[in-house]
Number of protein chains: 2
Amino acid sequence: MSADQPVTVEVGLGDRAYDILIGSGLLSRAGTEISRRLPGTRAAVITDANVAAAHLDALKDGLEKSDIQPAVITLPPGEKTKSFAHLEEVVDGVLAARLERGDIVIAFGGGVIGDLAGFAAGIVRRGMNFVQIPTSLLAQVDSSVGGKTGINSARGKNLVGVFHQPKLVLADTEVLDTLPIREFRAGYAELAKYGLIDRPAFFAWLEENWARVFAGGPERAQAIAEACRAKADVVARDEFETGDRALLNLGHTFGHALEAATQYGGTRLVHGEGVAIGMALAHRFSSRLNLASPDDAARVEAHLRAVGLPWRMADIPGDLPDAEALLSFIAQDKKVSRGALTFILTRGIGQAFIAKDVPASEVLSFLKESHPGEQESRPGQQKSRPSQQKSRPR
Amino acid sequence: MSADQPVTVEVGLGDRAYDILIGSGLLSRAGTEISRRLPGTRAAVITDANVAAAHLDALKDGLEKSDIQPAVITLPPGEKTKSFAHLEEVVDGVLAARLERGDIVIAFGGGVIGDLAGFAAGIVRRGMNFVQIPTSLLAQVDSSVGGKTGINSARGKNLVGVFHQPKLVLADTEVLDTLPIREFRAGYAELAKYGLIDRPAFFAWLEENWARVFAGGPERAQAIAEACRAKADVVARDEFETGDRALLNLGHTFGHALEAATQYGGTRLVHGEGVAIGMALAHRFSSRLNLASPDDAARVEAHLRAVGLPWRMADIPGDLPDAEALLSFIAQDKKVSRGALTFILTRGIGQAFIAKDVPASEVLSFLKESHPGEQESRPGQQKSRPSQQKSRPR
Ligand SMILES: NC(=O)c1ccc[n+]([C@@H]2O[C@H](COP(=O)([O-])OP(=O)(O)OC[C@H]3O[C@@H](n4cnc5c(N)ncnc54)[C@H](O)[C@@H]3O)[C@@H](O)[C@H]2O)c1
Ligand SMILES: NC(=O)c1ccc[n+]([C@@H]2O[C@H](COP(=O)([O-])OP(=O)(O)OC[C@H]3O[C@@H](n4cnc5c(N)ncnc54)[C@H](O)[C@@H]3O)[C@@H](O)[C@H]2O)c1
Ligand SMILES: [Zn+2]
Ligand SMILES: [Zn+2]
């Protein structure tokens, strides 16, 4: 892939269809790409301090070429920014800039900024134009596509938000060069997820090519484009998550519980790491339920371990709440429907499915098996090796 | 209209169509009507202290008959409740009650509660079921129908919100008996608005029958049903206000400026009163612009005066900011499109239309003419009579 030839993936949503452009050098073309689609509009850029320090000037230059002088709202980095208080701050800032319904809110950052800015764009004047310029791998392959926006509540992650589709997504792969490796790995978990859901060939390709993806070769943009195609497919089929879209939650039910259990700290566990462990657990749980072969679970675990991702609860530094407490985090999760537990389970790599009415008792005993603090008392289970337990390389 | 025969008006929005039921005794049938449409769901009732004191027990009894034991969130009455802080409170309360996507948020109150609770229902879990049980006349004829929800910002009214349609609207006309007369009059302004927009025969009917509407005879429910039909028509034609729906803003551009100028105090001016003055001003302004006969403006003013509504700026107790300041409130209003002023003007009673590019200079000189503090210096203008200026009967 050359610097001037981005790949385009279309999200087919009828009169709300939009393009995802993937490639390098897109920041410098942001003004051109935006004003081609939304001529004559003004803009506010929502970003975080890390992204602003590394890339805001480049984005401003790119917008300037098309005479867009944006208002800029810079927020603290981190999951805690997805709060009511920061939502109000962004809403106020956009209104203070006197932007109108047809003007643009630009989310320039990772998934935190994308979710927060997208929510603000969805509610200011009951819906403004919205452009995603995702800067983390996770945001490029997942959160910037599909129109889910939102913030966290004290009662759980992403419990408050709206569906609000962007008009354009610009994924400049060059900006990933400044992303901390830990964040790159976390995003890689979501990338691999598409292989695990329904693209076994993509998962096999990643097993071969992951080192080149990490090294920033052309495989990086290829992998991102494939992930965007996968996500765009699901979103076009089920925009409002009344069915299939829930497959994207593979790994997320366990993952969210672990994030909640670590207070969304970020130092102990970032979202993609929770998803990595969650995916490994979902595969292992499926094998315990005799739905899938244990070999597939082992393959998933091995790949996550190879790329340096955590893959089991024991990889989380510090103590975890016990299995009962983890289950109660799961039961608070929004994927609980009428009291029954809904999980994404699998029949093997690339064969994920939505399982309703998973008995809480099965989940609990599996959590007990998998819990580093409860394993010792259960003979016959694989023990975590203490030497690796708290020293995962970052 | 008898107690057991409500009128049904359908809001024709395809797969999101819903019924408005209008009649007396509907609180006691709330459980039946809701569970017929949304069987087996749980609910949270959002209300304000005034409405709760007068009618909450009756609603709970009505819900109880269908085994619905709602969580109840009671907020302080008044426009200031439409804030981020109270939005967060409602969202938290609904989540604390562990309601799921398919459960119901019930707005039980006036337009303030309807707008706030509807917004919360639109964002908790990215959209929950929502039922409106409007208790003010304004809410029964206007705010409960059509799915506009939202809160105020320091920068203006209703600047933040979503479109989120209810599944059902229950307008129990009996609850209006406890509504303070001042609030009834304010709601009457919105009722009369439909006549002024495009139903001249309805306006003429109101000129004849308004006293029976105020007295609570069968004409009251008839008038409410006619208003709901008018609103449902407009909403079905233009759900997201990209065109015609803006006609419903007749009187609102001036009205919102006056509300902002009086700090949404409620004691000096409530929403419907602002609309009443705004409608009179819109008619008078249209006549000044030679669009409509001054006789029509006079007829509107006379009717508003007859029912005891304020109809000119001089009717607002206390001092107002000057005309320039009022204009700046208008220019901040969300109906400003790309810097030009958009107004709802009229060619006569029942002939309102959307006027784009109204010159700010025309608005300013009209505001100066109409302003009680600036009138003296302009010979030839009708002067406000000081004896009536601050002593409108409530
Ligand atoms: N809306 C959706 O569909 C969806 C899907 C998946 C995840 N999410 C959400 O996404 C969030 C996680 O996203 P994330 O992992 O991007 O988190 P993030 O936004 O916090 O970004 C991770 C860290 O990387 C930094 N960063 C981002 N881009 C950078 C760059 N180019 N150079 C240097 N630093 C950079 C950020 O400042 C931050 O510190 C979670 O809140 C999750 O709920 C949403
Ligand atoms: N969403 C829309 O389409 C739309 C349309 C018009 C107005 N609105 C909004 O509606 C709001 C105004 O509505 P409102 O006039 O109903 O205000 P409100 O909700 O404040 O009610 C007015 C007063 O009457 C009291 N009250 C309500 N019902 C009562 C009853 N049956 N008995 C005794 N007291 C009762 C309330 O407690 C309050 O004090 C404004 O915020 C306006 O922006 C929205
Ligand atoms: Zn995720
Ligand atoms: Zn109104």
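The shown structure was predicted, so the numbers you read here are calculated from the model rather than taken from an experiment. (Residues numbered from 1 in each chain as written. Chains lettered and ligands numbered in written order. Predicted model: local features only at pLDDT ≥ 70, side-chain atom pairs only at ≥ 80, totals over all residues. Heavy atoms only, no water.)

Student: Is there a simple way to explain the overall build of chain A in this structure?
Tutor: Scanning chain A from terminus to terminus reveals 14 helices and eleven strands. Relative to the globule expectation of 21 Å for 394 residues, the C-alpha radius of gyration of chain A, 20 Å, shows essentially globular dimensions. For the C-alpha atoms alone, the extent of chain A along its principal axes is close to 70 × 40 × 40 Å. When the 394 residues of chain A are sorted by exposure, 63% land in the buried category. Counted over contacts in chain A with a minimum sequence separation of 6, partners at least 24 positions apart contribute 74%. Carbon and sulfur atoms provide 49% of the accessible area of chain A, an area that totals close to 14,200 Å². Computing the positive centroid from 45 side-chain charges and the negative centroid from 48, chain A places the two 3 Å apart. (Helix = DSSP H or I, 4+ residues; strand = E, 2+ residues; numbered from the N terminus. Rg over C-alpha atoms; globule rule 2.2 N^0.38 Å. Buried < 20%, exposed > 50% of the residue type's maximum accessible area, 1.4 Å probe, protein only. Contact = heavy atoms within 4.5 Å. Areas by Shrake-Rupley, 256 points an atom, 1.4 Å probe, with all protein chains shown as cover. Lys, Arg positive; Asp, Glu negative; His and termini not counted. Charge placed at Lys NZ, Arg CZ, Asp CG, Glu CD.)

Student: How should I be thinking about the relation of the copies chain A and chain B in this particular structure?
Tutor: Comparison of the two chain copies shows a relationship of rotation about an axis with a shift along it. Rotating chain A by 180° and moving it 0.0 Å along the rotation axis overlays it on chain B with an RMSD of 0.0 Å. Taken together, the rotation and translation relating the two chain copies correspond to the operation of a two-fold axis. Here 100% of the interface residues in chain A have copies in chain B that are interface residues too; the copies meet face to matching face. (Least-squares fit on C-alpha atoms with pLDDT ≥ 70 in both.)

Student: Even after reading the chapter, I still don't get the coordination of the zinc ion (ligand 4), so can you show me in this structure?
Tutor: Between any two of four tetrahedral donors, the ideal angle at the metal is 109.5 degrees; between two of six octahedral donors, it is 90 or 180 degrees. All names here are of chain B. Within the protein, the zinc ion (ligand 4) binds to Glu190 (OE), His252 (NE2) and His271 (NE2); these donor distances fall in the range 2.0 to 2.2 Å. Sequence spacing of the donors to the zinc ion (ligand 4): E-x61-H-x18-H. Of this pair, Glu190 sits in helix H6 (residues 181-198) while His271 sits in helix H10 (residues 271-288), placing them 81 residues apart in sequence. As far as burial versus exposure is concerned, Glu190 and His271 are alike and both buried. (Donors = N, O, S within 2.8 Å, 3.2 Å for Na, K, Ca; no water.)

Student: Just to check I follow, could you spell out the domain arrangement of chain A for this structure?
Tutor: A common way to state how big an interface is: give the accessible area lost once the parts meet. Residue and element names in this part refer to chain A. What the domain assignment reports for chain A is domain 1 (7-179) and domain 2 (180-394). The gap between the C-alpha centroids of domain 1 and domain 2 is 27 Å. Buried area between domain 1 and domain 2, both sides added, is near 2,900 Å², and the carbon and sulfur share of it is 63%. The largest share of the area that domain 1 buries against domain 2 comes from Val141, Lys157 and Leu179, three residues that together contribute 21% of it. Between the two partners, domain 1 and domain 2, sit six salt bridges. Counting every contact that joins domain 1 to domain 2 gives eleven residue pairs in polar contact (both at pLDDT 80 or more). Of all the secondary-structure elements, those providing two or more residues to the side of domain 1 that touches domain 2 are strand S1 (7-11), strand S2 (18-23), helix H5 (137-143) and strand S8 (156-160). Ranked by residues supplied to the side of domain 1 that touches domain 2, first place goes to H5 with five residues. (Domains from an automatic or database assignment. Buried area = accessible area lost by both parts, 1.4 Å probe. Salt bridge = Lys/Arg side-chain N within 4 Å of Asp/Glu carboxyl O. Polar contact = N/O pair within 3.5 Å; in protein donor to acceptor, adjacent residues only side chain to side chain.)

Student: Even after reading the chapter, I still don't get the interface of chain A and chain B, so can you show me in this structure?
Tutor: Contacts between the two partners involve 38 residues from chain A, matched on the other side by 38 residues from chain B. One can count zero salt bridges joining chain A with chain B. In this assembly, chain A and chain B are joined by ten residue pairs in polar contact (both at pLDDT 80 or more). Elements with a contribution of two residues or more to the side of chain A that touches chain B: helix H3 (84-96), helix H4 (111-123), S8 and helix H12 (323-332) of chain A.

Student: Can you walk me through the site of ligand 2 in this structure?
Tutor: Residue and element names in this part refer to chain B. By nearness alone, 26 residues border ligand 2, and Asp48, Glu79, Thr135, Ser136 and Thr178 come closest of all. Measuring from an oxygen atom of ligand 2, one finds a side-chain N or O atom of Asn158 at 3.3 Å. For ligand 2, whose accessible area on its own is 860 Å², the fraction buried by protein is 91%. Breaking the shell around ligand 2 down by element, the ones donating at least two residues are helix H2 (49-64), helix H4 (111-123), helix H5 (137-143) and strand S8 (156-160). When the residues that make up the shell around ligand 2 are grouped by side-chain class, the tally is seven nonpolar, ten polar and nine charged. Residues from two domains meet in the shell around ligand 2; each of domain 1 (7-179) and domain 2 (180-394) gives at least three. (Near = heavy atom within 4 Å. Nonpolar A, V, L, I, M, F, W, Y, C, P; charged D, E, K, R; others polar.)

Student: Mind showing me how you'd approach the nonpolar core here?
Tutor: Generally speaking, soluble globular proteins have nonpolar side chains that are buried together. Core analysis: the largest hydrophobic core is formed by 55 residues, its most contacted members being Ile46 and Val94 of chain A together with Ile46 and Val94 of chain B. Aside from chain neighbours lying at most four places away, what touches Val94 of chain A is Ala44, Ile46, Ile73, Leu99, Val105, Val124 and Met128 of chain A. Judged by nonpolar contacts, the second largest core, of 52 residues, contains Ile22, Val169, Ala276 and Met279 of chain B. (Core = buried A, V, L, I, M, F, W, Y, C linked by side-chain atoms within 4.5 Å.)

Student: Whenever I open this one, the UniProt feature "domain: 3-dehydroquinate synthase N-terminal" (unreviewed entry) in chain A confuses me. Can you help?
Tutor: Mapped onto this structure's residue numbering, the UniProt feature "domain: 3-dehydroquinate synthase N-terminal" (unreviewed entry) falls at residues 73-185 of chain A. The span residues 73-185 of chain A is 34% helical and 25% strand by assignment, and the distance between its end C-alpha atoms comes to 28 Å. (UniProt positions renumbered as here; feature names shortened; annotations may be inferred.)

Student: I would appreciate a short explanation of the side chain of His86 of chain B in the present structure.
Tutor: Here His86 of chain B lies in helix H3 (residues 84-96). When neighbours within four sequence positions are excluded, His86 of chain B is seen to be in contact with Leu75, Pro76, Lys80, Thr81 and Leu116 of chain B.

Student: I would appreciate a short explanation of the environment of Thr262 of chain A in the present structure.
Tutor: Residues and elements named next belong to chain A. Of note, Thr262 is situated in the loop between helix H9 (252-261) and helix H10 (271-288). Of the residues examined, Thr262 reaches a relative accessible area of 2% and is grouped as buried. Along the sequence, Thr262 and Gly274 sit twelve residues apart, while their C-alpha atoms lie 10.0 Å from each other. Setting aside residues no more than four positions away along its own chain, Thr262 makes contact with Arg268, Leu269, Ile316 and Leu320. Polar side-chain contacts of Thr262 include one of 2.9 Å to the backbone oxygen of Leu258.

Student: Help me understand the site of ligand 1 in this model?
Tutor: Residue and element names in this part refer to chain A. Taken together, 26 residues form the shell around ligand 1, and within it Asp48, Glu79, Gly111, Ser136 and Thr178 come nearest. Within the backbone of Val112, an N or O atom sits 3.0 Å from an oxygen atom of ligand 1. Taking Val175, its main chain carries an N or O atom lying 3.0 Å from a nitrogen atom of ligand 1. Bound to the protein, ligand 1 loses 91% of the 850 Å² it would expose on its own. At the level of elements, helix H2 (49-64), H4, H5 and S8 are the ones that each hand at least two residues to the shell around ligand 1. Residue composition of the shell around ligand 1, by class: seven nonpolar, ten polar and nine charged.

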